[in-house]
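In case you want the letters, here they are:
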Amino acid sequence: MDDLIKEQVKCDQVDYPNENEMWSEIIRKQQNRNYKTKKHSYKPRIILTAILFTIVLSSTTVFAKYSTEILDWMRNMNRTGIITSLENGFGQEVNKTAENEVGVLTIHNVVSDQNGTTINFSLAIDHDYPIDYADFEHALLKIGDGKEIQMEASAVYNQESDKLVGVLHTDEEIPHNSNVTLQLGGVKETQLKSIELKDLAHSNTYPEKINIHQDGISQIDFISNDYQNGQYILDYLIELEEPNNIEHAYLSYTIENEPIANSGVTHKRPQPDVIKKSDSLEIQKDAVEKLGVFLNYNNTVSYKSETWNLDFQYNHDLAKQSTFVRDIDEKVELGSRELQFKELVITPSRVKLYFDEKNIKTNSNWSYVNNYRQIKLRIGEQELSGNYFDDYLSFETQELIKDITNKEIALTLNDAKVSYEAEKQDKVELTNISDVPQTIKAELNGYPIDVTYYANGNDLIVESESKNERFGGITQNVIYQNGERIFAETRSNDGVLRTHKQVETFKNIKEKDITLNFFLYTVNEDRAKTIILQ
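Residues numbered from 1 in each chain as written. Predicted model: local features only at pLDDT ≥ 70, side-chain atom pairs only at ≥ 80, totals over all residues. Heavy atoms only, no water.

Trainee: How should the overall build of the protein chain be read in this particular structure?
Mentor: Looking only at helices and strands, the protein chain features five helices and 34 strands. Considering only contacts in the protein chain between residues 6 or more positions apart, those separated by 24 or more positions represent 70%. Accessible area for the protein chain stands at about 23,900 Å²; split by element, carbon and sulfur atoms hold 41% of it. (Helix = DSSP H or I, 4+ residues; strand = E, 2+ residues; numbered from the N terminus. Contact = heavy atoms within 4.5 Å. Areas by Shrake-Rupley, 256 points an atom, 1.4 Å probe, with all protein chains shown as cover.)

Trainee: Honestly, the sheet that holds strand β28 (residues 459–465) in this entry has me stumped. Any pointers?
Mentor: Sheet strands pair via backbone hydrogen bonds, and the direction of the pair is either parallel or antiparallel. Reading across the sheet, the five strands line up as β26-β27-β28-β32-β31 and stay open at both edges, with antiparallel pairing between neighbours. The sheet is open, and its two borders are formed by β26 (438–444) and β31 (490–491), each paired with just one other strand. Bridge count for β28 against strand β32 (residues 501–506) is six bridges, and the pairing is antiparallel. For L460, the partnering residue across the bridge sits in β32 and is F506. (Pairing = 2+ DSSP bridges.)

Trainee: Sorry, what's going on with the nonpolar core here?
Mentor: The tendency in soluble globular proteins is for nonpolar side chains to be buried as a group. The biggest cluster of nonpolar side chains holds 53 residues, and the ones touching the most others in it are F341, L411, L430 and L460. Residue contributions to this core peak at six residues, all from strand β24 (residues 409–421). Apart from the residues within four sequence positions on either side, L411 is in contact with F341, L353, I375, K376, L377, L393, F395, K529, T530, I531 and L533. Counting 32 residues, the second-largest nonpolar core is a separate cluster that includes A134, F136, Y157 and L182. (Core = buried A, V, L, I, M, F, W, Y, C linked by side-chain atoms within 4.5 Å. Buried < 20%, exposed > 50% of the residue type's maximum accessible area, 1.4 Å probe, protein only.)

Trainee: How should I be thinking about the environment of L140 in this particular structure?
Mentor: Following the sequence through the fold, L140 ends up in strand β5 (residues 133–143). Not counting chain neighbours up to four residues away, the residues in contact with L140 comprise E148, I149, Q150, T181, L182 and Q183.

Trainee: Quick question: what am I supposed to make of the pairing of strand β4 (residues 116–125) here?
Mentor: One face of the sheet, then the other: side chains in a regular strand alternate in exactly this way. β4 sits mainly inside the fold: nine of its ten residues count as buried. Pairing analysis gives ten bridges linking strand β3 (residues 103–113) to β4, with the strands arranged antiparallel. The residue bridging G103 from the neighbouring strand is I125, located in β4. Counting the residues between successive antiparallel strands, the hairpin from β3 to β4 contains two residues. Here β4 runs beside strand β8 (residues 163–170); their pairing, made up of seven bridges, is antiparallel. Of the residues in β8, the one forming a bridge with I119 is L168.

Trainee: How should the packing of aromatic side chains be read in this particular structure?
Mentor: Any aromatic ring pair is given by two values, namely how distant the centres are and how the planes are angled relative to each other. This model, assessed by the stated rule, comprises ten aromatic pairs. Seen from their ring centres, F389 and Y392 are 5.3 Å apart, and the 25 degrees between their planes marks the pair as stacked. Both residues of the pair, F389 and Y392, count as buried. Here the aromatic cluster, defined as three or more aromatic residues joined through ring pairs, consists of Y420, Y447, F471 and Y521. If you follow K352 out to its NZ or CZ, it ends over the ring of Y392, 4.2 Å from the centre. (Phe/Tyr/Trp six-rings, centres within 6.5 Å; stacked < 30°, edge-to-face > 60°. Lys NZ or Arg CZ within 6 Å of the ring centre and 35° of its normal.)

Trainee: Is there a simple way to think about the pairing of β8 in this case?
Mentor: Most of β8 sits out of view: seven of its eight residues are buried. Relative to β8, strand β7 (residues 152–158) runs antiparallel, the two being bridged by seven bridges. Paired with A153 across the two strands is L168, which belongs to β8.

By themselves these figures say nothing about function.
This is the structure we're talking about:
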């Protein structure tokens, strides 16, 4: 039961970045650059951190011939490795069209190798209303042998061409010399809207709620804001009205009208009509007062159910010839789990380091490395930054890497956020519980903790905080009553972005004196590890 609860805490509370999110982030990123409609003057101010995958190339440069206009929007839509692949002849030009009563679909090119497939396309649709981007209900590749591959598809409106331009992606490879049919349909066209939150003050007196009441959004409830270790962190809820068509809503930030990038986490929705998010901005402390904050959200304006079918043959094997694959037999221990690295794949589109993960027994108390903030892969003199996914690490480069077999390849992991299980003696007594906040001091594994508690109706609110910058925060506390465990109904954070503070709400706690047991907490540790892969 302990292990089950810990797994739920680790995995069920937050939606970690994934490939679906990557494409959504790219769309939003593009709206902040140069993709706006001709038909209206609205220009959204949108910045979210694009969670980009990472790529290494190994071959002789062979430049493909693409028009400047196509390359311009492809550069903005794609990962740099895809563009490098196309510019150096690792992709295949298709340039075929399919038409139905709604409009014309064009496939421009394909990049497919052992690490995945990316297709660039455009869609010309007549409309009398402004749009900013489009999602698709279904995108399917049918391979000649009967295999079907689902693809992620998204597109933004391109002002210069007056078309939707987009990207389709799957982690699967199209086999060489395959007859392929692309089915794309169910177009949902969307406007992106932006509201400047002028009443938001960046101090201890900032409003807890800002009323919106527009397009199905009720209000924004700011849970907390804080500045720690060079990062300004905001936790907030976006509350929706009924009915609404809101799928994505988030905050973006500017300083003196210049967009500021931020790292964001979208948590599991606490309620169906509530979006929960945490944003972290790396800015100077004195810049917080100058911060402009904008609410950004989508508004669906049209849905077209029609489907386009387009056939082409994939017969470009240069990418396969340039693929570098190496078996890896290296292990790294991450607290109570172990990663067994098994294969390094370097293709013209990205680098992937695949691994198997398993739980292991440890002599110390239970610990779990949630993530490393720094993941680096060094190939010769070039160092690539990476990201962690379910069963691989992924890395990206801006240029070709030649003669890979003659270069040392090393993986470095550093700056870990580690979860620990508290000991049985790690607890505090909460006495004389009332609606008047009380604060007591405690210690957890040598870290000082301030615990503030008070009643809110029949609920108990517990705020835990440490001034030690290495302490990552209490993830979860527990109360024992009549032989049962009572966990908080809601928590302000799960230790992903926050550095030291947690706010928990325990429902229907009637006792005036209880014992609060610390259960799980996180610590920021170096845990530097370097593994030579070649």
